[in-house]
Amino acid sequence: MHLTAPASRRTGIRDTDGMAVASFVLGLLGLLVLNVFLGPIAIALASVALWRGTGRPGRAYLGLGLGVADLVVLVAFMQADNTVSWSF
């Protein structure tokens, strides 16, 4: 029976750093397109990254803020034209 070595702590930190950066990128992209999907994903990734203790908390907080901004923009445009989507 072959057992693999347990994951090192560095792998876990790198994963959470990746989640923090991904939340930032998705939150930023969500301001332009698909904010109904990308906003909640950015919020979830940022929350998990912060909960796991990312080495990039600034990026995670930016991703969290941008994810919330995505949803605020969505609600504002929904109120303006009474639809679930918006375009330029």
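Each residue is numbered by its place in its chain's sequence as written, counting from 1. Whole-chain, interface and lining totals are the exception, using all residues; otherwise, since this is a predicted model, local features are given only for residues with pLDDT of at least 70 and side-chain atom pairs are given and counted only at 80 or more. Values reported for side chains reflect all heavy atoms of the structure, with hydrogen atoms and water molecules removed beforehand.

A few words on the overall build of the protein chain. Note on conventions: DSSP H or I runs of at least 4 residues are helices, E runs of at least 2 residues are strands, and numbering of each starts at the N terminus. Summing up its helical and strand segments, the protein chain has 3 helices and 0 strands in all. When the helices and strands of the protein chain are listed from N to C terminus, the series reads α-α-α. Counting over 88 residues, the protein chain shows a buried share of 24%. Two residues form a contact once any of their heavy atoms are found within 4.5 Å. Relative to all contacts within the protein chain whose residues are 6 or more apart in sequence, the contacts with residues 24 or more apart total 65%. The Shrake-Rupley method, run with a 1.4 Å probe sphere, supplies the accessible areas, and residue values consider only the shown protein chains as cover. On the protein chain, roughly 5800 Å² of surface is accessible, and the fraction owed to carbon and sulfur atoms is 70%. Exposed residues in this analysis have more than 50% of their type's maximum accessible area, buried residues have under 20%, and partly exposed residues fall in between, with area computed by a 1.4 Å probe over protein chains only.

A word on unusual backbone geometry. As a rule of thumb, non-glycine residues mostly have phi less than zero, and peptide bonds are mostly trans rather than cis. If you check the backbone angles, Leu34 has positive phi at about 50° while not being a glycine. As for its placement among the helices and strands, Leu34 is situated in the loop between helix 1 (9-30) and helix 2 (35-52).

Take the confidence of the model for the protein chain next. pLDDT runs from 0 to 100 and stands for how confident the predictor is about each residue. Scored by pLDDT, the protein chain comes out at a mean of 83, with 78% of its residues at no less than 70. Confidence, read as mean pLDDT per element, is least for helix 1 in the protein chain (83) and greatest for helix 2 (93).

Before going further, it helps to examine helix 2. By definition here, a helix of n residues has an expected span of 1.5 Å times n minus one. End to end, helix 2 covers 25 Å across 18 residues, agreeing with the expected 26 Å (1.5 Å per residue, within 8%). Within the span of helix 2, buried status applies to Asn35, Leu38, Gly39, Ala42, Ala46 and Ala49. The buried residues of helix 2 occupy one face: seen down the axis, they fall within an arc of 105°. Facing away from the buried side of helix 2 by more than 90 degrees, the exposed set consists of Phe37 and Trp51. Just downstream of helix 2 lies Gly53, where phi reads positive at about 80°. Regarding the arc, it is the one traced by the directions from the helix axis to the C-beta atoms.

Time to look at the environment of Arg56. Residue placement: Arg56 occurs in the loop between helix 2 and helix 3 (57-81). Taking the C-alpha atoms as reference points, Arg56 and Ala20, separated by 36 residues in sequence, lie 6.6 Å from one another.

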